[in-house]
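# Residue-level structure breakdown
Here is what each chain is made of, one letter per residue.
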Amino acid sequence: MIRHSRPMETPVPAPAATVPTIRYRIEHITAYEYSQTVSVSHHMARLRPRTGPGQTLGDFQLQVLPAPAQSETDTDYFGNGVDRFSIQEPHERLEVTARSEVAVAARPAAETEPGLPWELVRDRVAAERTPDCLGAFECVFPTAIVPVGEPFAAYAARSFAPGRPVLEAAMDLTTRIHREFAFDPTATTVSTPVAEVLRQRRGVCQDFAHLQIACLRSLGLPARYVSGYVRTDPPPGRPRLIGVDATHAWVALFCPGIGWVEFDPTNRSRAGRDHVRVAVGRDYQDISPLRGTVIGGGWQHLSIAVTVTPLDGEPEKPESRAKPVP
Amino acid sequence: MNPEVSEQAAAAAAAGSDAAHFQRWLRQYQPPAGRHDELLTAGGRVRAPWARFLAQLSKLRPHDFEHRWEQARKLLVEHGVTYNVYGDPEGQERPWELDPVPLVLGADDWATIEQGLIQRATLFDRLLRDIYGPRQTLADGLLPPEIVFANERFLRPCVGLPAAGGRHLPFYAADLARSPDGQWWVVSDRTQAPSGMGYALENRIVIGRALMPEVARECQLVRLAGFFDHLRETLAAAAPRPTTQPHVVLLSPGPLNETYFEQAYLARYLGITLAEGEDLTVREDRVFLKTLEGLRPVDVIWRRVDEGFADPLELRSDSQLGVSGLLQAIRAGNVTVLNPPGSGVVEAPALMAFLPGLCERLLGEPLRIPSVATWWCGQEKPCREALSQLDRLVVKHAFHKGSKVSYGRSEDPGGRAALTGRILDDPRSWVAQEEIPYSTSPVWGGHGFEPRQVTMRVFLVAEGDSYVVMPGGLTRVAGESQSRPGISMQRGSGSKDTWVLSDRAHEPQLPSVRNRFPVVIRRSPGQFSSRVADNLYWIGRYAERSEFATRLLRGVIGRISAESGFGAIAEIGPLWDYLILLGHLEAPMSHREPAAQGFAPLELALKAAVFDPKRMGSLLELNSQLLRLGRVSRDALSLDTWRIVRRLGENLREWPSVRRLGDLMPLLDRLVNLHAALSGLAQENTTRTPGWAFLDLGRRLERSLYATGLGQTLLEAPDADRRAALDAVLEVFDSAITYRQRYFFEPRLLPVLDTLFVDPANPRSLAFQLERLDSHLASLPTELRQPHSTQSRGVTTRALERLRATDLGARDVEEERQRLGAMQHFLDCLGPELESISDDLTRQYFSLLRPEQFAPEAPR
């Protein structure tokens, strides 16, 4: 498990449209140690960053040790890159390394607009049958791990006054989650229910993302889960350490005419040039980075190391002061 | 009934008849008003197909009918027809409830159903193609997107999966009910993994073949066999690549599943492999069956595992019922799964409200058989309409089949208000449906017919570009006259055979399946799954364990309860000790001092060794284990074998209270005979497959272990005890006659040991068991054999060499002492070595069976 550092008190400002593209090199190593030999395993990885609005994937390499008997690359239902592979030689350790180079541009200016009144977004998404709206409407419904309901709607209501522009309201909700919830890696596990997160007001990025999605969907608004990386910078004067970064998760909200706009409740921000998108889905289960089944194995120990390195030198922009956290 | 009268009856039948003609059956038959009755018209006349049926039935004498019905019910029990009920504290199995009176339908009635359901299946097939493809029905507004998107049976990883032969719905079943105006309605659609056709077939075999074959023949009952020929053909034709003998597997969730009986039954009937998730594995995007000879490719999977569990890698990961990598194997075009995972999405009750429009648009014709009227509350107007007449509607979840149903009529105003609140809270998750007054049909009340409400499940299988309908079905019948039949057998209600009577105008005979060529002769065992071999091995072991324990107990009880009194107890010393050593017997005292406490505790302990279900190692427990193993291996056992396995279990349960120990002897004798029958069947009636080899291995290994242990116990006993016990020991080994034919003197230790351990000609001797073990170990498939685990054969070969070199003759006491010492040493060493054979077999042949587990997902 990765160490999470505490969030900074200063919000990260949304990057200005004039700032050029930033290129990142990302290394994401996942290692399983098994107490007993695994004879056969099947895995499915979603580690290939998406190319999409504001983001272009350059090089990508997936290295698996021991070498898989077979592997294939595919695209899943949500358009994410999937690598499936299976290992048929006996092994006690599995190491999956994803190396990618990603160029991230500033988000389109439209995203900084306040957006349509939120009720209009809700009604248009439910009524229109364009591919975009259908795709968004799919993200209005509860899933197995993200329920909808009165407690979430009630929490969201304070940000969603009648007629308020949807993106403005969503940013307000993002800010409130950041303010009212404590970042606490010890408070939750992967399987802590979202309702429990709402009750205890603590958690990590995944919990906050699921919570915000539950809130938005409970109002009838289409919301997606985004997995990826966020850039962190070392304290001034210190070298960048390898493997101390982490995977991150945030939220996307659909607004007709603008598209999916991303909010990061853990860092009280719009997602910007610090965020590298890997996969999107309805929730974590749709897009978990590495899934697998093994024959044998006994006890398993998992470790993850992520390093996010900006390639164009340390920027001198305002965000270098900030230290976003996963 | 004399022939003349039945002639009259037949004549009356032709014209349509009134109830008076069939007094005997219909005396008490008074269908309730306000419902369609299957047998009688509103005017009290017998409907034509029923008149044909009753005319033939009336030829049976009442006594015959009742007697045959009793026999037929025994057949159900003998066939082991059961239905598992989840969460039933009484163990999970429930006997199958069947009524002797079939639901009888005429050919014209049937033709309507047939055409209607073929259309409906075709519609669902098209709809599935669209939902998992272009989704034009959503874009065009024919189907509200919620019905797909909010439906947990919409499996996103299945979008774009190739469909073999372009068929998205190879199997379909519908639950039908008839309203008072005589119209059939679809109450529920089964598209995910329809169940019940095996029970329908079993019902037909019991009613049509065993209970009233002549009635069936004379009525021109349409046979079911043709449907299953088509089904077999469809399974074979689904193979993704042309092969002469596609390997078809029925993927079952296992013996705990509610309809496991029918899964095993259908697999056996159709001659396909019954497999569980653990039996299958995916390598290089191909599905393989784990067999004793190694991995064998699978072409077609008839899926009875819930679609959500079919592939833990891509679908739900919280179950091990499925096969990791299955979806990718389908994508790669290497296997066909029927029904494809994802097909359950169109089962949603909410969809029923939109079928008429979809049918018009997708098929260009009106829907032939209507669905029960359905209001989906996700739309404003239907929701209002539903709420305004809630008192006459049924409210259920829009997508989850089988979740709780609320009847508006049985709620008080407060209850209805609460229901309204629940609906308005989340309207798209609810539908309201009209409650059809189901039709009634006669059941056998013991003296005559009584009316009960019925529904009927009808089965279809795709063939070519259309469907074939089973001419019959599974009719469910309510337990009481006022109630509805459970839509699922989980709730407990009876079943009926369904008869479609042929006539010349409507010939519902199925076209015959063309003969398949080439015909391939096979002598190899085919596809023998490792799990079946594993189970057979343990059946062998438990059968022998139970037999040996029975023989030991019989040896003990026969002597104690004989008139010989306490004096006899010395004779059974080593047997007694051995029973305790193995845990079959828990005795409060040593057999040497029973007099101190009297007979009572001793008797109690012996009874417990036979009957106590909670005692590990009691005969009842051993036979229950055997029964359990037999049940999960049903598809590998002959009916006769299964019957004996069942009787072994039941003989103990049905035994009346035992007063004296002596009363146990007939029971123990019977058990020994049943065991003899079981091993006889295994020797004489079982083809020599690797499966048989494992069954026999298990038995031989267990017998060797017991013999070795008893030998050790005997040799450790004081000299006087062991001499006294020789008669009893010979008897346990069933070797008293063998001994007496060879030696004319009283049993003596060394000659007895030679007979029981060294002599290879005695089929009960240790040497004989070892020879059999040795030859089995030599003949087992070697493909899977791992280099480091071949010591088993060494054990048997070495032991046999030792025994062949053994001469137990002795010239004097000293030599006798030496011989006994050597024998004791030999047995002491052999015990643990025999145990290692079992471990070795498990490692070599059954280790592939280890289940898959989930790698924890990467944390946040």
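Here the structure is a predicted model, which means the values were calculated and not measured.

## A word on the overall build of chain B
Of the regular secondary structure elements, chain B holds 29 helices and 24 strands. Evaluated residue by residue, chain B yields a buried proportion of 50% over its 860 residues.

## A short note on the overall build of chain A
A tally of regular secondary structure across chain A gives six helices and 14 strands. Sequence separation of at least 24 residues holds for 78% of the intrachain contacts in chain A that already meet a minimum separation of 6.

## Remarks on helix 13 (residues 355–363) of chain B
Residue and element names in this part refer to chain B. Here helix 13 has its buried residues at Leu355, Leu358, Cys359 and Leu362. Taken end-on, helix 13 shows its buried residues confined to a sector of 100 degrees, consistent with a single buried face. Contact partners of the buried residues in helix 13: helix 5 (107–131) and helix 6 (136–139). Following helix 13 by one or two positions, glycine 364 has its phi on the positive side, about 70 degrees.

## A word on the packing of helix 20 (residues 619–632) of chain B against helix 21 (residues 639–653) of chain B
Residues and elements named next belong to chain B. For the pair helix 20 and helix 21, interaxial distance at closest approach is 9 Å and the crossing angle is 150 degrees. By the angle between their axes, helix 20 is roughly antiparallel relative to helix 21. Helix 20 and helix 21 meet at a crossing whose hand is left-handed. Mapping the contact onto sequence places Leu619, Leu620, Asn623, Ser624, Leu626, Leu627 and Gly630 in helix 20 and Trp642, Val645, Arg646, Leu648, Gly649 and Leu652 in helix 21. For the contact of helix 20 with helix 21, the per-class residue count stands at eight nonpolar, four polar and one charged.

## Examining the interface of chain B and chain A
Interface size is often expressed as the accessible area that is lost when the parts come together. In this assembly, 30 residues from chain B lie in contact with 36 residues from chain A. If you list the elements that add at least two residues to the side of chain B that touches chain A, you get helix 6, strand 10 (280–283) and strand 24 (852–855) of chain B. A breakdown of the residues in the side of chain B that touches chain A according to their chemical character gives 15 nonpolar, six polar and nine charged.

## Comments concerning the sheet that holds strand 10 of chain B
Residues and elements named next belong to chain B. Overall, antiparallel pairing links the three strands, which are arranged 10-11-12 in an open sheet. Each end of this open sheet is capped by a strand with a single partner; those strands are strand 10 and strand 12 (294–297). Pairwise comparison of adjacent strand axes, ignoring direction, gives a mean angle of 45 degrees for this sheet. When strand 10 meets strand 11 (residues 286–291), the two strands line up antiparallel, connected through four bridges. Note on strand 11: the bridge partner recorded for arginine 283 is arginine 286.

## Here we look at the confidence of the model for chain A
Residue and element names in this part refer to chain A. Within chain A, residue pLDDT values average 88, and 90% of them lie at 70 or more. For the stretch residues 1–17, pLDDT sits under 50, and the model shows 40 contacts to residues farther than four places along the chain or on other chains. Overall, residues 315–323 carries pLDDT values under 50, and its contacts beyond four positions in sequence, including any with other chains, amount to 17 contacts.

## Concerning the domain arrangement of chain A
Residues and elements named next belong to chain A. Under the domain assignment, chain A is made up of domain 1 (22–104 + 290–310) and domain 2 (109–287). The C-alpha centroid of domain 2 is placed 25 Å from the C-alpha centroid of domain 1. Put simply, the parts of the chain that give the side of domain 1 that touches domain 2 at least two residues each are strand 1 (22–48), strand 5 (91–104) and strand 14 (300–310). At six residues, the largest contribution of residues to the side of domain 1 that touches domain 2 is made by strand 14. A per-class count over the side of domain 1 that touches domain 2 returns 13 nonpolar, five polar and two charged.

## Side note on the pairing of strand 5 (residues 98–106) of chain B
Residues and elements named next belong to chain B. In terms of residue burial, strand 5 counts as a mostly covered element, since eight of its nine residues are buried. Across six bridges, strand 5 lies against strand 23 (residues 494–501) in parallel orientation. Bridge pairing links leucine 105 to valine 500 in strand 23.

## Let's talk about the environment of alanine 109 of chain A
Mapped onto the elements, alanine 109 of chain A comes out in the loop between strand 5 and helix 1 (118–127). Distance in space between the C-alpha atoms of alanine 109 of chain A and valine 82 of chain A is 31 Å, their sequence separation being 27 residues.

## Quick word on the sheet that holds strand 8 (residues 248–252) of chain B
Residue and element names in this part refer to chain B. Sheet architecture is open: four strands sit in the order 9-8-13-14, paired in parallel fashion. In this open sheet, the two edge strands, each paired with only one partner strand, are strand 9 (273–276) and strand 14 (336–338). Strand after strand, the sheet turns through a mean of 30 degrees between neighbouring axes, direction not considered. In this sheet, strand 13 (residues 300–303) lies alongside strand 8 in parallel orientation, the contact comprising four bridges. Note that in strand 13 the partner of leucine 251 across the bridge is arginine 303.

## Brief notes about the pairing of strand 9 of chain B
Residue and element names in this part refer to chain B. The two faces of strand 9 match: Thr273 and Ala275 on one face and Leu274 and Glu276 on the other face are all buried. When strand 8 meets strand 9, the two strands line up parallel, connected through four bridges. Note on strand 9: the bridge partner recorded for leucine 250 is leucine 274. Between the parallel elements strand 8 and strand 9, the chain passes through helix 11 (residues 260–270) in a crossover that is right-handed.

## Some remarks on the environment of glutamine 285 of chain A
Residue and element names in this part refer to chain A. One can find glutamine 285 in the loop between strand 12 (275–281) and strand 13 (290–296). Placed 10 residues apart in sequence, glutamine 285 and histidine 275 show a C-alpha to C-alpha distance of 21 Å. Once you skip the residues sitting within four places of it in the chain, glutamine 285 turns out to touch Ala144 and Ile145.

## Considerations on helix 21 of chain B
All names here are of chain B. Taking 1.5 Å of rise per residue, 15 residues should cover 21 Å, and helix 21 covers 21 Å from first to last C-alpha, within 8% of that figure. For helix 21, the full list of buried residues reads Thr641, Arg643, Ile644, Val645, Leu648, Gly649 and Leu652. In this structure, the buried residues of helix 21 make contact with helix 4 (62–78), helix 19 (600–611), helix 20 and helix 22 (664–684).

## Observations regarding the environment of glycine 208 of chain B
Residues and elements named next belong to chain B. Of note, glycine 208 is situated in helix 8 (residues 197–211). Separated by 289 residues in the primary sequence, glycine 208 and aspartate 497 place their C-alpha atoms 8.2 Å from one another. If we skip the residues at most four places from it in the chain, glycine 208 touches Pro213, Ala216, Leu221 and Asp497.

## A closer look at the confidence of the model for chain B
Residues and elements named next belong to chain B. When pLDDT is averaged along chain B, the result is 86; 87% of the residues meet or exceed 70. For residues 1–8, every residue scores under 50 in pLDDT, and the model assigns this stretch six contacts once sequence neighbours within four places are set aside. Note on residues 87–91: pLDDT is under 50 here. Beyond four places in sequence and across chains, it has one contact. Scored as a complex, the prediction yields pTM 0.83 and ipTM 0.90.

About the thresholds
Residues numbered from 1 in each chain as written. Chains lettered and ligands numbered in written order. Predicted model: local features only at pLDDT ≥ 70, side-chain atom pairs only at ≥ 80, totals over all residues. Helix = DSSP H or I, 4+ residues; strand = E, 2+ residues; numbered from the N terminus. Buried ≥ 20, exposed ≤ 12 C-beta atoms within 10 Å, placed from the backbone. Contact = placed C-beta atoms within 7 Å. Arc of directions from axis to C-beta. Axes fitted to C-alpha atoms, helices over the stretch in contact; angles between N-to-C directions. Parallel < 35°, antiparallel > 145°, perpendicular 65-115°, else oblique. Left-handed = near helix turned anticlockwise from the far one by under 90°. Nonpolar A, V, L, I, M, F, W, Y, C, P; charged D, E, K, R; others polar. Pairing = 2+ DSSP bridges. pLDDT = per-residue confidence, 0-100. Domains from an automatic or database assignment. Right-handed = clockwise from strand over helix to strand, strands pointing away. Expected span 1.5 Å × (residues − 1).

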